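# Commentary on secondary and tertiary structure
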Number of protein chains: 2
Amino acid sequence: MDVRTICLGILTRGDATGYEIKKAFEDGGLQHFVEASFGSIYPALSRLTDEGLVSVREEVQEKRPDRKVYSITPAGRAALIGALMKPLPEDRHRSPFIFAMLFADLLPPARVRMLIDRYVAQSERKLAQLELRAREPLFAGERFAIDLAHTMYTAMLDFLRKRHAEFEGHTLQAAE
Amino acid sequence: MDVRTICLGILTRGDATGYEIKKAFEDGGLQHFVEASFGSIYPALSRLTDEGLVSVREEVQEKRPDRKVYSITPAGRAALIGALMKPLPEDRHRSPFIFAMLFADLLPPARVRMLIDRYVAQSERKLAQLELRAREPLFAGERFAIDLAHTMYTAMLDFLRKRHAEFEGHTLQAAE
DNA sequence: GTTTGCATGTAAACGGTTACATGATTGG
DNA sequence: CCAATCATGTAACCGTTTACATGCAAAC
């Protein structure tokens, strides 16, 4: 999903600044699935404003830059729903880890074990985040997304731990 | 992983043309994780040739455009291993489906059910592909990658089927 | 007869990231 | 004292996708 649509989505949950939109996904356990950088969020919000899909009010602050608080307009809501009613693009899961594992036979066994260990550790952190998030009050859709992510990470970790154990003591060399 | 590295990786398994490199991932069950288009593969191969990481030989063909068969050079092999020894970038799983589910409460219930149905069907197709692939002789690393992908899709499907059943007859409206 | 497969390549457009610029406040 | 948080924005760059250009052969 493009950054424009992501912004609209978050704004359906309440008004927010560009900064807050970024934060909304950053530590929600869903960064893996939806993310955007400032360099894309700010221009997106300007354009959405020009197009009347969101509106802005400026809150003057002392000792801090003024905040621009964005609200979604009825047209924006319609645009979001429109985007979600069209055929969705397919998921793309770009995984440097899986790519590297594909060529495990070219790497020193210690490197392969390290790669797996790190990926396990990373996934454990994500799982922990998801569990924290799951304790908060959520919209049903968010609950669904978080539970799905939880399921996938759990399955992956089980697999990784099992296979990692199998690597102990021997290498992942070419096999037929 | 960038297209350059992907090309190098495939060429460690044997010489190939740009066309074949594209095909190598396209139906291997791993498209979800690694992919590239012609528009990026051909320029990447030219650049790799200029840099001495691959070499080309041209095979003249009648009634078809000549094929340019690429081979990885020792320098190319070293470059690939170098890339796999550096810290890997994190996975990014961009999922329009999960994004849409996050806003399920804004959509007609029929649309939500349809979204899930389609995602289930898509995942079943991917699983079938993976199972086909798993029957072929594979490098250990490929086996690992395919089994991992299989594990994740299976877990996801179980989850989706279970939840879908729960949706029958009622909607995914806002909850607290 | 139309689609799919084989085969290469370029150019424009796109969407996004990274780095830069600025700067006070708060918490460790 | 240093890092993180809050806060906005621009510009350069990057990698990739999409569309275009070309064209025969085989399969359905």
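None of the values given here were measured: they were computed from a predicted structure. (Residues numbered from 1 in each chain as written. Chains lettered and ligands numbered in written order. Predicted model: local features only at pLDDT ≥ 70, side-chain atom pairs only at ≥ 80, totals over all residues. Heavy atoms only, no water.)

### A word on the protein's contact with DNA strand C
Around DNA strand C lies a shell of 20 residues, among which Ser 37 and Lys 63 of chain A together with Tyr 19, Tyr 42 and Lys 68 of chain B are the nearest. Near-protein atoms of DNA strand C (within 4 Å) split between backbone and bases, with sugar and phosphate holding 61%. The backbone of Val 3 of chain A places a nitrogen or oxygen atom 3.4 Å from a phosphate oxygen of DNA strand C. Contacts to DNA strand C include Tyr 42 of chain B, whose side-chain N or O atom sits 3.0 Å from a phosphate oxygen. Contributions of two or more residues to the surface near DNA strand C are made by α3 (38-50) of chain A together with α2 (18-26), α3 (38-50) and β2 (67-72) of chain B. Considered class by class, the residues forming the surface near DNA strand C number five nonpolar, seven polar and eight charged. (Near = heavy atom within 4 Å. Polar contact = N/O pair within 3.5 Å; in protein donor to acceptor, adjacent residues only side chain to side chain. Helix = DSSP H or I, 4+ residues; strand = E, 2+ residues; numbered from the N terminus. Nonpolar A, V, L, I, M, F, W, Y, C, P; charged D, E, K, R; others polar.)

### Section: the environment of Met 1 of chain B
Tracing the backbone through its elements, the reader meets Met 1 of chain B in the segment before α1 (3-11). Under the relative-accessibility criterion, Met 1 of chain B is labelled partly exposed at 29%. Taking C-alpha positions, Met 1 of chain B is 9.9 Å from Glu 90 of chain B, a pair spaced 89 residues apart along the chain. Setting aside its immediate chain neighbours within four residues, Met 1 of chain B contacts Pro 96 and Phe 99 of chain A together with Ile 6, Leu 84, Leu 88 and Pro 89 of chain B. (Buried < 20%, exposed > 50% of the residue type's maximum accessible area, 1.4 Å probe, protein only. Contact = heavy atoms within 4.5 Å.)

### Some points on the protein's contact with DNA strand D
Contacts to DNA strand D come from 19 residues, most closely from Tyr 19, Tyr 42 and Lys 68 of chain A together with Ser 37 and Lys 63 of chain B. In the interface set of DNA strand D, defined as its atoms within 4 Å of the protein, sugar plus phosphate atoms amount to 63%. In the environment of DNA strand D, a phosphate oxygen lies 3.1 Å from a nitrogen or oxygen atom belonging to the backbone of Tyr 19 of chain A. One nitrogen or oxygen atom from the main chain of Val 3 of chain B is found 3.2 Å from a phosphate oxygen belonging to DNA strand D. Every element with two or more residues in the surface near DNA strand D is listed here: α2 (18-26), α3 and β2 (67-72) of chain A together with α3 of chain B. When residues in the surface near DNA strand D are grouped by element, the largest group, three residues, is from α2 of chain A. Considering only residue class, the surface near DNA strand D consists of four nonpolar, seven polar and eight charged.

### Side note on the relation of the copies chain A and chain B
When chain A is fitted to chain B, the best match, at an RMSD of 0.0 Å, comes from turning it 180° and sliding it 0.0 Å along the axis. Here the symmetry operator amounts to a two-fold rotation axis. Minimal C-alpha distance to the rotation axis in chain A is attained by His 93 of chain A, lying at 2.0 Å. Both copies present the same face, since 100% of the interface residues in chain A are matched by interface residues at the equivalent positions in chain B. (Least-squares fit on C-alpha atoms with pLDDT ≥ 70 in both.)

### Some words on the domain arrangement of chain A
Residues and elements named next belong to chain A. If you check the domain split of chain A, you get domain 1 (3-85) and domain 2 (96-167). Distance between the C-alpha centres of domain 1 and domain 2: 29 Å. Facing eight residues of domain 1, the contacting portion of domain 2 comprises 10 residues. Buried surface at the junction of domain 1 and domain 2, both sides included, amounts to about 770 Å², of which 58% is carbon and sulfur. The largest share of the area that domain 1 buries against domain 2 comes from Arg 13, Leu 30 and His 32, three residues that together contribute 47% of it. Where domain 1 packs against domain 2, one counts four residue pairs in polar contact (both at pLDDT 80 or more). Here the residues of the side of domain 1 that touches domain 2 sort into two nonpolar, four polar and two charged. (Domains from an automatic or database assignment. Buried area = accessible area lost by both parts, 1.4 Å probe.)

### Structural notes on the interface of chain A and chain B
Across the boundary between the two partners, chain A contributes 71 residues, which contact 71 residues of chain B. Our count for the chain A to chain B interface comes out at eight salt bridges. Between Glu 90 of chain B and Lys 126 of chain A there is a salt bridge, and its shortest N-O distance comes to 3.4 Å. Summed over the shared surface of chain A and chain B, the number is 29 residue pairs in polar contact (both at pLDDT 80 or more). Mapped by element, the contributors of at least two residues to the side of chain A that touches chain B are α1 (3-11), α4 (74-85), β3 (92-94), α5 (96-102), α6 (109-134) and α7 (140-167) of chain A. The element contributing the most residues to the side of chain A that touches chain B is α7 of chain A, with 15 residues. The residue makeup of the side of chain A that touches chain B, split by class, is 45 nonpolar, 11 polar and 15 charged. (Salt bridge = Lys/Arg side-chain N within 4 Å of Asp/Glu carboxyl O.)

### Points about the nonpolar core
Judged by nonpolar contacts, the single largest core of 102 residues is most densely connected at Phe 97 and Leu 160 of chain A together with Phe 97 and Leu 160 of chain B. Once residues lying within four places of it in the same chain are set aside, the contact partners of Leu 160 of chain B are Phe 144 and Leu 148 of chain A together with Phe 97, Ile 116, Tyr 119 and Val 120 of chain B. (Core = buried A, V, L, I, M, F, W, Y, C linked by side-chain atoms within 4.5 Å.)

### Some remarks on the pattern of salt bridges
Proximity of charged atoms lets side chains of opposite charge pair with each other. Residue and element names in this part refer to chain A. Under the defined criterion, the tally for this structure stands at 28 salt bridges over all chains. For Arg 4, the salt bridge is made with Glu 51, and the minimal N-O distance between the two is 3.0 Å. Note that Arg 4 is positioned in helix α1 and Glu 51 in the loop between α3 and β1 (54-59), a separation of 47 residues in sequence. Classification of Glu 51 by relative accessible area gives partly exposed; the value is 38%. Taken together, the shared-partner salt bridges connect Asp 15, Glu 20, Arg 57, Glu 59 and Arg 67 into one network.

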